[in-house]
Number of protein chains: 10
Amino acid sequence: MLFLVRMDVKIPHDLPAAQADEIKAREKKYSQDLQRDGRWRHIWRVVGEYANYSVFDVQSNDELHQLLSQLPLFPYMDIHVTPLANHPSAIVQEGAPG
Amino acid sequence: MLFLVRMDVKIPHDLPAAQADEIKAREKKYSQDLQRDGRWRHIWRVVGEYANYSVFDVQSNDELHQLLSQLPLFPYMDIHVTPLANHPSAIVQEGAPG
Amino acid sequence: MLFLVRMDVKIPHDLPAAQADEIKAREKKYSQDLQRDGRWRHIWRVVGEYANYSVFDVQSNDELHQLLSQLPLFPYMDIHVTPLANHPSAIVQEGAPG
Amino acid sequence: MLFLVRMDVKIPHDLPAAQADEIKAREKKYSQDLQRDGRWRHIWRVVGEYANYSVFDVQSNDELHQLLSQLPLFPYMDIHVTPLANHPSAIVQEGAPG
Amino acid sequence: MLFLVRMDVKIPHDLPAAQADEIKAREKKYSQDLQRDGRWRHIWRVVGEYANYSVFDVQSNDELHQLLSQLPLFPYMDIHVTPLANHPSAIVQEGAPG
Amino acid sequence: MLFLVRMDVKIPHDLPAAQADEIKAREKKYSQDLQRDGRWRHIWRVVGEYANYSVFDVQSNDELHQLLSQLPLFPYMDIHVTPLANHPSAIVQEGAPG
Amino acid sequence: MLFLVRMDVKIPHDLPAAQADEIKAREKKYSQDLQRDGRWRHIWRVVGEYANYSVFDVQSNDELHQLLSQLPLFPYMDIHVTPLANHPSAIVQEGAPG
Amino acid sequence: MLFLVRMDVKIPHDLPAAQADEIKAREKKYSQDLQRDGRWRHIWRVVGEYANYSVFDVQSNDELHQLLSQLPLFPYMDIHVTPLANHPSAIVQEGAPG
Amino acid sequence: MLFLVRMDVKIPHDLPAAQADEIKAREKKYSQDLQRDGRWRHIWRVVGEYANYSVFDVQSNDELHQLLSQLPLFPYMDIHVTPLANHPSAIVQEGAPG
Amino acid sequence: MLFLVRMDVKIPHDLPAAQADEIKAREKKYSQDLQRDGRWRHIWRVVGEYANYSVFDVQSNDELHQLLSQLPLFPYMDIHVTPLANHPSAIVQEGAPG
């Protein structure tokens, strides 16, 4: 089941650089693990912004919330989730069956 | 080069049904041709709305505008385009090289 | 799996009253059938507005889109869907397991 | 009488963690007490956000404001309240009689 | 129990004048009856706009929705309802007890 | 002459509690004095929010700005003012004559 | 007493040109009469838009609403009114005393 | 003197095609004349939208309004104007001297 | 040439009072000098808000930006500029010729 | 390929002035280098605001994101990117071929 997720990162200016870098490193590893297991299908950078659009493939809302809320950067992000369905014109139906 | 495109379809209520169906049929064919040639990479339905999120892979802004403005439903849609770049955490770089 | 759905009904003024009433009757039956089978868990009227907030319990995004897009009033509604997850403070976990 | 309430939690980054955890613990207990006495009928997590949608069943606006303004997290939340009425299509009328 | 209600009137240009005047006349009578019975406590014109702010004193959300949805101009209005509670600084508590 | 005034209170988290309480006490007294002299006709709490809707009856814009800008909480509030006129349906014309 | 008023004119495309021109002619005369008697102090065109910003000098909210609601173009305009007060830095206090 | 102008074209669906094409032809000629005389410095299509961003170089606000309000498509466009000044980092100061 | 300028002042709570007062004093003098030389034609207080609407009469965009960006309060203000043109109904054309 | 980019600069008040000036100096040099090599085609100041509109000419989205994200002021800016295409009325096609 697919969800489009927009994440806008807003790290406070007064967060010590070292602390911020450590969180970002954990975020990258966390993301890449989920990409490798197929749940984080796409991640694209929004040109010019510290933000990304991602597509997740999960079995339930709860699973998605768990994945998102455990993002190391979660406390420093505005996240908006849009549930996606198969489009009647799509020649390939994406996402694991619900 | 990737672009996220949101399309909200707003067909006027007084457009004759036959005319609307004919346009939708052309739209579906147009979309599927572009999906087959790889430029229309993804098309997902926004749950509950007559809208879709799509990802296009094109060589230039002009190419994208040409594709979008020639959509049969173009006169009846609100379209918003977000340019995407490769994300440093992405384990797979998507989109044909620019 | 639960979704909060807001529906704002905007029936064109020039739609013949008989036609509008017929659609509304089908909408009511459609809704009540889904309420009886448990997928449409709640439907509340927004005070002062021709709008409702509903909670759906479905197995997938696709199932929800199918239910919503087949609403007789679908062409005359602005619909917004918010996916819900279990809240850690909830003493009762609602919704069929995903 | 039912009200839909959206709560967005915005805890300042510089609030000491221990203090934040203590407030959250009181919030959870406060919520669960009200859920048990039936006034806090539903609480759902908005997927991807530190926010919830809740449904309260109270006897008056004043009672609702009292409940909400005494939430331990109240100073750190944006809250929006939407009054709900019975929907003519609802097969079950919810909420204690006004 | 008090509610602040904003009503923006948007009568379609092509509604025959006589029909519009007839509806407005019924609206005025409807409003004045409710003002006399105390449920429509205040009605003020928003300067420069075909809109009003009103304060209603009712026993429940359902009663308010019934009053508002039966306004003759209801199909031609955008209405937004804000529930009000007693303010701790108010020297006079307004509104019939809930 | 009547004005609807919405006040959203946003006291910074790091303002010492004692200082905040002292300001609030002055605010309450200031408000109640104006309520007694009839210029602050109504003050209602917006349910769920640290905000109020008030109705002022003053002789001029300048008088209203003076009253509002001297509110002890003024530096910590977002205020929006809507000028009100008599509504043709009102059975009672409120507010001192201009 | 001064008010800043923004008027956005939205004449329906299907209003016969002759009818529109007649209304505009009345609007111009109506405006110029009020400019001559000093109540309509300023009228400026918003560059690029069928809109204006005006400053009115009136004795009361009711007087302003009367003036605005009797504008021939009133049914075809979105109007927003901002009450103005004397600014402490102004070297000239404008507007007739309240 | 430079202005950034965004124009969103919204031609009503029921405007006869021949009439629309005639207006568009006049619009193109009108624009190209102004481009040749240097006042319309840039015109770019917003990708995916029936809209453009343009840069005008004119001597005054009035001149700009005259140019814009005489656009054949003016009645069918939402236009927003942003005045531009020379940027301290610009290596080339653009626009005729004011 | 005339411009309508809205200025919303947002002085940080933790700016020392003495420093704030000193800036405000310079702001007042700066404003009054420009009022005396005719470039700052009007300054009005927005009732209830720490904001003003002003009208400037300048020879160019660059001149206006220079005046505004050198306002002592500039770093603490949100400013929005609307270019104004002569209105065809205006009986007096204001502003120095462009 | 052209992109319109709006940059709103929001430097925190508590950033030491020397540090801010150093960043701004690097920003100016960075910008002017890109202007000289043709990729930063235009940069204009938005009158009255610490913001600019710029036009970039690049070969790909990724190139643009790289240029923007390496702006010294990037952490202190809100940036929005609008992809531009050639306009059919443009007498000069701008931007290097894609």
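Just so it is clear, the model here is predicted, and its values are computed rather than measured.

What counts and what doesn't
- Residues numbered from 1 in each chain as written.
- Chains lettered and ligands numbered in written order.
- Predicted model: local features only at pLDDT ≥ 70, side-chain atom pairs only at ≥ 80, totals over all residues.
- Heavy atoms only, no water.
- Helix = DSSP H or I, 4+ residues; strand = E, 2+ residues; numbered from the N terminus.
- Buried < 20%, exposed > 50% of the residue type's maximum accessible area, 1.4 Å probe, protein only.
- Polar contact = N/O pair within 3.5 Å; in protein donor to acceptor, adjacent residues only side chain to side chain.
- Contact = heavy atoms within 4.5 Å.
- Buried area = accessible area lost by both parts, 1.4 Å probe.
- Salt bridge = Lys/Arg side-chain N within 4 Å of Asp/Glu carboxyl O.
- Nonpolar A, V, L, I, M, F, W, Y, C, P; charged D, E, K, R; others polar.
- Least-squares fit on C-alpha atoms with pLDDT ≥ 70 in both.
- Pairing = 2+ DSSP bridges.
- Axes fitted to C-alpha atoms, helices over the stretch in contact; angles between N-to-C directions.

### Considerations on the side chain of Asp57 of chain G
All names here are of chain G. Mapped onto the elements of the fold, Asp57 is located in strand β3 (residues 51-57). Residue class for Asp57 comes out buried when judged on its relative accessible area of 8%. Of note is the side chain of Asp57, whose polar atom sits 2.7 Å from the backbone nitrogen of Met1.

### With respect to the arrangement of the chains
The two units chain B and chain G remain apart, with a minimum C-alpha distance of 16 Å. With no contact between them, chain D and chain G keep their nearest C-alpha atoms 25 Å apart.

### Thoughts on the interface of chain J and chain I
The interface of chain J with chain I comprises 7 residues on the first partner and 11 residues on the second. It is His13, Val47 and Gly48 of chain J that lose the most area in chain J upon contact with chain I, and together they represent 73% of the buried surface on that side. Across the contact surface, chain J and chain I share 0 salt bridges. Where chain J meets chain I, there are 1 residue pair in polar contact (both at pLDDT 80 or more). Residues belonging to the side of chain J that touches chain I are distributed by class as follows: 3 nonpolar, 2 polar and 2 charged.

### Focus on the relation of the copies chain J and chain I
Between chain J and chain I, which share one sequence, the superposing operator has a rotation angle of 72 degrees and an axial displacement of 0.0 Å; the RMSD is 0.0 Å. This pairing of chains is accounted for by a five-fold axis. Scanning chain J for the C-alpha nearest the rotation axis identifies Asp14 of chain J, at a separation of 8.3 Å.

### Notes on the pattern of salt bridges
Following the criterion strictly, the structure yields 100 salt bridges over all chains and no others. A salt bridge links Lys29 of chain F to Asp33 of chain F, with the shortest nitrogen-to-oxygen separation between them at 2.6 Å. Taken together, the positions of Lys29 of chain F and Asp33 of chain F, both in helix α1 (residues 17-36) and 4 residues apart, correspond to about one turn of that helix. A relative accessible area of 52% means that Lys29 of chain F is categorised as exposed. With its nearest N and O atoms 2.9 Å apart, the salt bridge here joins Arg39 of chain J to Asp37 of chain J.

### Some thoughts on the side chain of Glu49 of chain A
Here Glu49 of chain A lies in the loop between β2 (40-46) and β3 (51-57). There is a polar contact of 2.8 Å between the side chain of Glu49 of chain A and the side chain of Arg6 of chain A. Excluding residues that lie within four positions of it along the chain, Glu49 of chain A makes contacts with Arg6 and Asp8 of chain A together with His65, Phe74, Ile79 and His80 of chain J.

### Re the relation of the copies chain B and chain A
At an RMSD of 0.0 Å, chain B and chain A line up after a rotation of 180 degrees and a shift of 0.0 Å along the axis. Those values place the two copies in the arrangement expected of a two-fold rotation axis. Of all interface residues in chain B, 100% are interface residues in chain A too; the two copies therefore contact each other through one and the same surface.

### Topic: the sheet that holds strand β2 (residues 40-46) of chain D
Here 8 strands make up a closed barrel; going around it, the order is β1(C)-β3(C)-β2(C)-β4(D)-β1(D)-β3(D)-β2(D)-β4(C) and the pairing antiparallel. Looking at each pair of strands side by side, their axes are set apart by 35 degrees on average, direction ignored. Strand direction decides the pairing type here: strand β1 (residues 2-9) of chain D and strand β3 (residues 51-57) of chain D, joined by 7 bridges, are antiparallel. Each bridged residue has a counterpart across the sheet, and for Asp8 of chain D the counterpart in β3 of chain D is Ala51 of chain D. Lying over the sheet, helix α2 (residues 61-69) of chain C contacts β1 (2-9), β3 (51-57) and β4 (77-86) of chain C, oriented at roughly 25 degrees with respect to β1 of chain C.

Function cannot be inferred from these measures alone, as they are strictly geometric.
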